[in-house]
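Chain by chain, the residues run as shown.
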Amino acid sequence: MISSKAQYKSKRQQKLEQRQSQSKPFTHSTQTPFRDAERNFKSRLPPPNFDNVIDFYNLDLSSDEIKSKIVKIELKVELGKDDDEEKENIFGDYNELKEEKEIIKGERRIAYVVKDLPGFIFIPNPFTPEAQKNIIKRCLKDFAKYPNKNNLDTHYVLPKEGLWNLHEKIINGELDKNDSRCVVPLKASVTGQNSLYEEEIDAKQEITQKECPQKSLVEKEYQEKEEREEKGEPLPSSGVPILSPSELIKKLRWITLGYQYHWATKTYHLDKRLPFPKDIELLTTSVVKSINGIKFYTNETNENNDKQYFVNDYDHKKWKPEAGVVNYYQLKDNIMAHVDKSEINMEAPLISFSFGHTCIFLIGGPTKDIAPIALYLRSGDISIMCGPCRTNFHGL
């Protein structure tokens, strides 16, 4: 008799399978198609089912059902090919991209749309490896420090130079990890805490007044509403652990750019506006310009049974990025289903850039009762939600 190691199962595995087969199906209290999809991809036993995940880099290996939903389109403007040399450098040298073609696989004028999701546009990685590194470096070294707000600000007195710069000095041997400068104190333990907060607030307001233009009428109305609502910040806790810069880096989850976001009320602080990074502004402007006027047929029909089509009619000349969030993920992290609806202008597209590990992106409809479509996002990929898709639930 010939036995196969692949078919061998330990007694523990056999017992687990036996228990699963005998147990009654468990019904969750929050059972929706979107929640079911989230549970599938977070599952460890049984492992996730990836059969219906869209892989834009390997569509030829996809099922006929997936292929029928995807339409390859051409961007109106090739990314990185601009008269402004500064914009071109953000995506990296075009010749370098051609040399890396076998790895990157994407040309800078290619995009994809999904017939079931009018307003969703996927752009495969248009960046060179060096350009990706530069943006990642910006996110870790430049954006994740004062005066930008982050999730660690509540409990820690973070160094003005940022955690990453301190972490680098320790790794490079410029600072000993036992040096007192490598200790990040707790806010709850710092004396003169109120004066510290006041200094931070005054400094941020001074930056706002110097570098940001006056508010529009819509912004003033939004701020008047904001002032009527209490926006208390959470109090620092003395119970959180004292950690080294290298340990705290792994706890970093988000930072806000431009208008600072108030997570408790899911609204923006219009009195806490910081200058938006110029390079990210140029980057997003190039993307918005490239999708201007894009048109494609959807799977929807009108009362006469005629095919409906989606047109991105947002005027790219009005685009002016004023707020952004950088999310940092550790392996196994996720963002649950949500809708980004705090912005004053909901007509402007929502643009997302992914760098680092591959992840699963879920995008559904206006409610969680609509089953989401799952797709892979790889490093450098760009996803855009505009038009009717702008207020759809999505997660990662």
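Since the structure is predicted, the reported quantities are computational estimates derived from the model, not experimental observations.

**Looking at the nonpolar core**
Next up, step 1: Counting 46 residues, the largest nonpolar core has Ile-121, Ile-123, Tyr-156, Ile-255, Ile-382 and Ile-384 as the members making the most contacts within it.
Next up, step 2: Mapped onto this core, the elements with two or more residues apiece are helix H4 (85-91), strand S2 (110-114), strand S3 (120-123), helix H7 (129-142), helix H11 (245-249), strand S4 (254-262), helix H12 (278-290) and strand S12 (382-385).
Next up, step 3: Built from parts of two domains, this core gets at least three residues from each of domain 1 (50-149 + 268-395) and domain 2 (152-194 + 240-251).
Next up, step 4: Apart from the residues lying within four places of it in its own chain, the contact partners of Tyr-156 are Val-184, Pro-185, Leu-186, Lys-187, Val-240, Pro-241, Leu-243 and Leu-248.
Next up, step 5: One finds Ile-54, Ile-110, Val-114 and Met-385 within the second-largest nonpolar core, a separate group that totals 20 residues.

**Some words on the pattern of salt bridges**
Two side chains that carry opposite charge are able to pair once their charged atoms sit near each other.
Next up, step 1: Counting across every chain of the model gives 13 salt bridges.
Next up, step 2: With a closest N to O distance of 2.8 Å, Asp-55 and Arg-378 form a salt bridge. Residue Asp-55 is located in the loop between helix H2 (33-42) and helix H3 (64-69), and its partner Arg-378 is located in the loop between strand S11 (373-377) and S12; the two are separated by 323 residues in the primary sequence.
Next up, step 3: Overall, the relative accessible area of 11% leaves Asp-55 in the buried class.
Next up, step 4: Accessibility expressed as a relative area gives 25% for Arg-378, which makes it partly exposed.
Next up, step 5: One salt bridge connects Arg-253 with Asp-333, and the closest N-O pair in it is separated by 3.7 Å. Of this pair, Arg-253 sits in the loop between H11 and S4 while Asp-333 sits in the loop between strand S8 (323-327) and strand S9 (350-353), placing them 80 residues apart in sequence.

**Brief notes about the environment of Tyr-259**
Next up, step 1: By secondary structure assignment, the location of Tyr-259 is in strand S4.
Next up, step 2: With relative accessibility at 5%, the residue Tyr-259 sits in the buried group.
Next up, step 3: With 13 residues separating them in the primary sequence, Tyr-259 and Lys-272 have C-alpha atoms 6.0 Å apart.
Next up, step 4: At 3.3 Å, the side chain of Tyr-259 and the side chain of Arg-273 are in polar contact.

**What to know about the pairing of strand S5 (residues 267-273)**
Next up, step 1: Counting buried residues in S5 gives five out of seven residues, a clear majority hidden from the surface.
Next up, step 2: Bridging between S4 and S5 involves four bridges; their strand directions are antiparallel. Opposite Tyr-259, over in S5, you have Arg-273 as the bridge partner.
Next up, step 3: Between S4 and S5, which follow one another and run antiparallel, lie four residues, and Lys-266 among them has a positive phi close to 55°.

**Regarding the sheet that holds S4**
Next up, step 1: Read from one edge to the other, the open sheet built from three strands follows the order S5-S4-S8, with strand pairing classed as antiparallel. Taken across any chain shown, the strands that pair with only one partner, and hence form the sheet edges, are S5 and S8. Between one strand and the next, the sheet's axes are offset by a mean angle of 40°, whatever the strand orientation.

**Describing the packing of aromatic side chains**
Next up, step 1: The full count for this structure, using the stated rule, is 11 aromatic pairs.
Next up, step 2: A centroid spacing of 5.8 Å and a plane angle of 45° characterise the contact between Phe-41 and Phe-50, whose relative ring orientation is tilted.
Next up, step 3: The exposure class of Phe-50 is partly exposed, given its relative accessible area of 40%.
Next up, step 4: Between the aromatic rings of Phe-127 and Phe-353, the centroid separation amounts to 6.4 Å while the plane-to-plane angle is 70°, which identifies the pairing as edge-to-face. Here Phe-127, found in the loop between S3 and H7, pairs with Phe-353, found in strand S9; they are 226 residues apart in sequence, far enough to count as distant.
Next up, step 5: Judged by relative accessible area, which is 0%, Phe-127 ranks as buried.
Next up, step 6: A network of ring pairs unites the aromatic residues Phe-91, Phe-127, Phe-353 and Phe-355 as a single cluster.

**Side note on the UniProt feature "binding site: Fe cation" (unreviewed entry) in the protein**
Next up, step 1: Within the UniProt annotation, "binding site: Fe cation" (unreviewed entry) is assigned to His-338, Asp-340 and His-394. These annotated residues cover 57 residues of sequence, and their C-alpha atoms lie no more than 9.0 Å from one another, placing them together at a single site.
Next up, step 2: Position of His-338 among the secondary structure elements: in the loop between S8 and S9.
Next up, step 3: When sequence neighbours within four positions are dropped, the list of residues in contact with His-338 reads Asn-392, Phe-393 and His-394.
Next up, step 4: Polar side-chain contacts of His-338 include one of 2.9 Å to the backbone oxygen of Met-336.

**A few points about the side chain of Asn-392**
Next up, step 1: Tracing the sequence through the fold places Asn-392 in the loop between S12 and strand S13 (394-395).
Next up, step 2: Residue classification places Asn-392 among the buried positions, given a relative accessible area of 8%.
Next up, step 3: A polar contact of 2.8 Å, which involves the side chain of Asn-392, links it to the backbone oxygen of Gly-364.
Next up, step 4: If sequence neighbours within four positions are ignored, Asn-392 has contacts with Leu-117, His-338, Val-339, Gly-364, Gly-365, Pro-366 and Met-385.

What counts as what
Residues numbered from 1 in each chain as written. Predicted model: local features only at pLDDT ≥ 70, side-chain atom pairs only at ≥ 80, totals over all residues. Heavy atoms only, no water. Core = buried A, V, L, I, M, F, W, Y, C linked by side-chain atoms within 4.5 Å. Buried < 20%, exposed > 50% of the residue type's maximum accessible area, 1.4 Å probe, protein only. Helix = DSSP H or I, 4+ residues; strand = E, 2+ residues; numbered from the N terminus. Domains from an automatic or database assignment. Contact = heavy atoms within 4.5 Å. Salt bridge = Lys/Arg side-chain N within 4 Å of Asp/Glu carboxyl O. Polar contact = N/O pair within 3.5 Å; in protein donor to acceptor, adjacent residues only side chain to side chain. Pairing = 2+ DSSP bridges. Axes fitted to C-alpha atoms, helices over the stretch in contact; angles between N-to-C directions. Phe/Tyr/Trp six-rings, centres within 6.5 Å; stacked < 30°, edge-to-face > 60°. UniProt positions renumbered as here; feature names shortened; annotations may be inferred.

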